[in-house]
Amino acid sequence: FEPVSPLPEVDISPKDFCPLLPPELQGELFVQFDPEFPPAYDVIAKANKHLSFGGRYKPPQCSPRYKLAIIVPYRDREKQLFWFLSHIHPILQRQMLEYAIYVVNQAPGALFNRGKLMNVGFAEASKRDRYDCYVFHDVDLLAENDMCLYHCPEFAEEARSNPKHLSVSVDKFKYEALHYELGLCSPVPYQASEMQVFGGVAIFTEDQFISVNGFSNSYWGWGAEDDDLFLRTWRKGYKIDRSHMNECSFHMLPHDQETKNPKSPMRYVLLKQSLLRQNTDGLNSLKYRLLNKTEGLLYTNITVDIAKPS
Ligand code: UD2
Ligand code: MN
């Protein structure tokens, strides 16, 4: 007679952290999309049954490691938005993250201002809830591999964490890291080798974003607001974390240079004075008029009047 040994105790307490590398991840993803025919809103909603209003999700089976606000600067790109939503929701759920998606929609009437919209997204999201970090995400970028983890910056060796740049490798740029010279007057405030494009998808903790004073509000039209953010970040002593570059590559949905968002002729002038303006132009000088805030099932829409260049 063999005594039956008790079953080993399995701890299924919901307080357990979700695994670092969740078992449902698929690796490389299929990202051949017809840009003209995204799935309809209802189809995306049906495929994401566990969302709650505002485009929110929290994994039910474990305690998520991070709570993210995804901030998307937006105007007039509905097809891209639907592709984006249908692509990113399942990825973040498989990564077992808690998150909410905020689409910050610029009202018509002025040149597009990506940086200012990001600041509005940060202000509105942090008013609504506390997040571990903020993911500043272009609407046209789709991760090609779900092992590219949307994790918040973690403390590095110096007991300090660094902002992350996730979209290091983009098909449109032949997956090459874009290094370039900003052509600023000397003394050049950074090592030339450190300079790399910082647009696309970047992740900051609340403290990091506040400490750099957010994006500049002054870049109207296309270009250089991301370089400005790089300079601000560098100035505060951060080194941008690109350690995940092997897992993270992105597909950019095709688009032309926006006719409504022409290259800003002022961008180099602004950039030269970027660091002079850092402490007075950003989160601490942000003004806007909220026109609409709607918590839809797939995302929170924030329509905003951010005025015009002065
Ligand atoms: C690059 C950067 C982008 C930004 C931009 C310069 C990467 C991968 N991308 O993108 O982050 O720094 O250069 O400003 O490095 N948008 C709209 N409607 C518009 C115009 C822009 O929704 O009419 C939003 C949308 O989220 C878009 C983003 O702004 O993805 C960036 O604009 P873009 O895609 O036209 O610029 P691109 O691809 O040159
Ligand atoms: Mn783009």
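What you see is a predicted model, and the numbers here were worked out from it, not measured in a lab.

### Comments concerning the overall build of the chain
Summing up its helical and strand segments, the chain has 7 helices and 11 strands in all. Counting all 310 residues of the chain, 40% fall into the buried class. Put simply, 85% of the contacts in the chain that link residues at least 6 apart link residues at least 24 apart.

### Examining the sheet that holds strand 5 (residues 141-143)
Strands belonging to one sheet form pairs held by backbone hydrogen bonds; the direction of such a pair is parallel or antiparallel. Strand order in the open sheet formed by 3 strands is 5-9-7, with mixed pairing between adjacent strands. The sheet is open, and its two borders are formed by strand 5 and strand 7 (169-170), each paired with just one other strand. Pairing analysis gives 2 bridges linking strand 7 to strand 9 (residues 249-252), with the strands arranged parallel. In the strand pairing of strand 9, Val170 is matched with Phe250.

### A closer look at the nonpolar core
By size, the foremost hydrophobic cluster in this structure holds 65 residues, and its most contacted members are Leu68, Ile71, Tyr102, Val104, Tyr134 and Val135. Not counting residues within four places of it along the chain, the set of residues in contact with Tyr134 comprises Ala69, Ile71, Phe122, Ala125, Phe204 and Phe209. The next biggest cluster of nonpolar side chains, apart from the first, holds 5 residues, and it includes Tyr219, Ala224, Leu270 and Leu271.

### Observations regarding the site of ligand 1
The local shell around ligand 1 holds 23 residues, among which Asp138, Val139, Gly199, Gly200 and Asp226 are the closest. Those elements that place two or more of their residues in the shell around ligand 1 are strand 2 (67-74) and helix 5 (225-235). By residue class, the composition of the shell around ligand 1 is 7 nonpolar, 6 polar and 10 charged.

### Digging into the pairing of strand 11 (residues 300-305)
Side-chain direction in a regular strand flips from residue to residue, so the side chains alternate between the two faces of the sheet. In strand 11, alternate side chains face the same way, and those of Thr300, Ile302 and Val304 are buried while those of Asn301, Thr303 and Asp305 on the opposite face are not. As judged from the 5 bridges shared by strand 3 (residues 98-106) and strand 11, these two strands associate in the parallel manner. Residue pairing across strands places Gln106 opposite Val304, the latter belonging to strand 11. Bridge count for strand 10 (residues 289-295) against strand 11 is 6 bridges, and the pairing is antiparallel. Directly across from Leu290, in strand 11, lies its bridge partner Val304.

### Concerning helix 2 (residues 78-94)
When the terminal C-alpha atoms of helix 2 are compared, their 25 Å separation across 17 residues agrees well with the 24 Å that a helix rising 1.5 Å per residue should span. Here the buried face of helix 2 lies against helix 1 (41-47), strand 1 (56-57), strand 2, strand 3 and strand 5. Of the residues flanking the end of helix 2, it is Met96, one or two places downstream, whose phi is positive at about 55 degrees.

### Examining unusual backbone geometry
Residue Tyr175 is not a glycine yet carries a positive backbone phi of 60 degrees. Take Tyr175: it is sitting in the loop between strand 7 and strand 8 (201-205). Note on Tyr175: 13 C-beta atoms within 10 Å, which makes it partly exposed. The phi dihedral of Ala307 is positive, around 65 degrees, even though this residue is not glycine.

### Here we look at the confidence of the model for the chain
Summing up the model confidence of the chain, the mean pLDDT is 91 and the portion of residues at 70 or higher is 90%. The ipTM, which scores confidence in the relative placement of chains, is 0.99 for this predicted complex, and the corresponding pTM is 0.94.

### Quick word on the pairing of strand 10
Strand 10 sits mainly on the outside: 0 of its 7 residues count as buried. Hairpin remark: strand 10 followed by strand 11, antiparallel, with 4 residues in the connecting loop.

### Points about the environment of His50
You can see His50 is positioned in the loop between helix 1 and strand 1. Residue class for His50 comes out exposed when judged on the 11 C-beta atoms lying within 10 Å of it. Along the backbone, His50 and Leu297 are 247 residues apart, and their C-alpha atoms lie at a distance of 9.9 Å.

### Observations regarding helix 3 (residues 114-128)
Here helix 3 is 15 residues long and its end C-alpha atoms lie 21 Å apart, about the 21 Å a rise of 1.5 Å per residue gives. Those residues of helix 3 not exposed but buried are Arg114, Gly115, Lys116, Leu117, Met118, Asn119, Val120, Gly121, Phe122 and Ala125. The inward-facing, buried residues of helix 3 abut strand 2, strand 3, strand 4 (133-137), helix 4 (206-211), helix 5 and strand 11.

### Topic: the environment of Ile306
If you trace the backbone, Ile306 turns up in the segment after strand 11. C-beta crowding within 10 Å serves as the criterion here: with 21 such atoms nearby, Ile306 is assigned to the buried category. In sequence terms Ile306 and Gly109 are 197 residues apart; their C-alpha atoms lie 9.7 Å from each other. Ignoring sequence-local partners within four residues, the contact set of Ile306 consists of Gln106, Asn113, Lys116, Leu117, Val120 and Tyr288.

### Observations regarding the environment of Asn217
Relative to the assigned elements, Asn217 resides in the loop between helix 4 and helix 5. Residue classification places Asn217 among the buried residues on the basis of 25 C-beta atoms within 10 Å. As for Asn217 and Pro309, which are separated by 92 residues in sequence, their C-alpha atoms are 9.4 Å apart. With residues up to four places along the chain from it excluded, the contact list for Asn217 reads Gly115, Lys116, Asn119, Asp281, Gly282, Ser285 and Leu286.

Basis of the calculations
- Residues numbered from 1 in each chain as written.
- Chains lettered and ligands numbered in written order.
- Predicted model: local features only at pLDDT ≥ 70, side-chain atom pairs only at ≥ 80, totals over all residues.
- Helix = DSSP H or I, 4+ residues; strand = E, 2+ residues; numbered from the N terminus.
- Buried ≥ 20, exposed ≤ 12 C-beta atoms within 10 Å, placed from the backbone.
- Contact = placed C-beta atoms within 7 Å.
- Pairing = 2+ DSSP bridges.
- Core = buried A, V, L, I, M, F, W, Y, C linked by C-beta atoms within 7 Å.
- Near = placed C-beta within 6 Å.
- Nonpolar A, V, L, I, M, F, W, Y, C, P; charged D, E, K, R; others polar.
- Expected span 1.5 Å × (residues − 1).
- pLDDT = per-residue confidence, 0-100.

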